[in-house]
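Analysis of the macromolecular model
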Amino acid sequence: RVRGYELDSNGHVNNAVYLNWAEEIAGLHAEAAGYGRAWTVERGGAWVVHHADITWRRPAVLGDEVAVTVRVESIRGARGIRRTWIRRATDDELLAELLVEWAWVRISDGRPTRVPRELVELVERSQRTG
């Protein structure tokens with residue numbers, strides 16, 4: 001549910017909040033799949049947002065309940081791409097769509113490095129099975 005502190009001066013959800021929601025759902029998705037924070041730390045890595053494209057369709061306003069969904073588009077090299085949809089729950093209207101590029105970095109020095117093979121293979125398998 002949209003809260004008052006998430007609004008901008010126009011009474012709409014602030015643009016940055018959409019990215020916050022996309023980051024939150026990405027973390028929840030990774031945790032649910034067993035590839036969350038503990039898994040990444042065990043492998044000496046972390047995901048950081050490298051680039052985000054956001055297309056706003058309609059504003060979310062105070063009291064709106066939003067539904068946020070995410071899909072992994074690809075993982076290759078040191079990057080992963082997730083697509084996120086934010087919809088108003090009452091009528092399923094698309095409010096925003098985000099394409100977020102994540103970089104896999106070594107915790108030790110923050111430098112990009114290849115995503116662990118087991119995660120790449122998992123994504124490849126899921127894309128083949130649809």
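Everything discussed here concerns the structure shown above.
This section reports on the structure supplied with the text. Here the residue numbers are simple positions, counted from 1 along each chain's written sequence. Totals for whole chains, interfaces and linings use all residues, but because this is a predicted model, local features are given only for residues with pLDDT of at least 70 and pairs of side-chain atoms are given and counted only at 80 or more. As a convention, hydrogens and water are excluded, and side-chain values are obtained from all of the structure's heavy atoms.

A short note on unusual backbone geometry
The backbone phi angle of Asp92 is positive, close to 65 degrees, even though this residue is not glycine. Secondary-structure assignment places Asp92 in the loop between β3 (79-88) and β4 (94-106). With a 1.4 Å probe rolled over the protein chains alone, any residue whose accessible area is under 20% of its type maximum counts as buried; one over 50% counts as exposed, and the rest are partly exposed. Owing to a relative accessible area of 48%, Asp92 belongs among the partly exposed residues under this scheme. Helix numbering and strand numbering both begin at the N terminus, where a helix is a DSSP run of H or I of at least 4 residues and a strand a DSSP run of E of at least 2.

Remarks on the packing of aromatic side chains
Pairing of aromatic side chains requires ring centres within 6.5 Å, counting the rings of Phe and Tyr and the six-membered ring of Trp. Pairs whose planes differ by under 30 degrees are stacked, by over 60 edge-to-face, and all others tilted. Scanning the model with the defined rule gives 5 aromatic pairs in all. Between Tyr18 and Trp56, the aromatic rings sit 6.2 Å apart at their centres with planes inclined by 85 degrees, giving edge-to-face as the arrangement. With Tyr18 in helix α1 (residues 15-33) and Trp56 in strand β1 (residues 45-56), this residue pair connects regions lying 38 residues apart in the sequence. Accessibility expressed as a relative area gives 40% for Trp56, which makes it partly exposed. Arranged with centres 4.9 Å apart and planes meeting at 70 degrees, the rings of Tyr35 and Trp39 form a pair that is edge-to-face. Each member of the pair, Tyr35 as well as Trp39, carries the same accessibility label: buried. Grouping aromatic residues by their ring pairs yields a cluster made of Tyr35, Trp39, Trp47 and Trp104.

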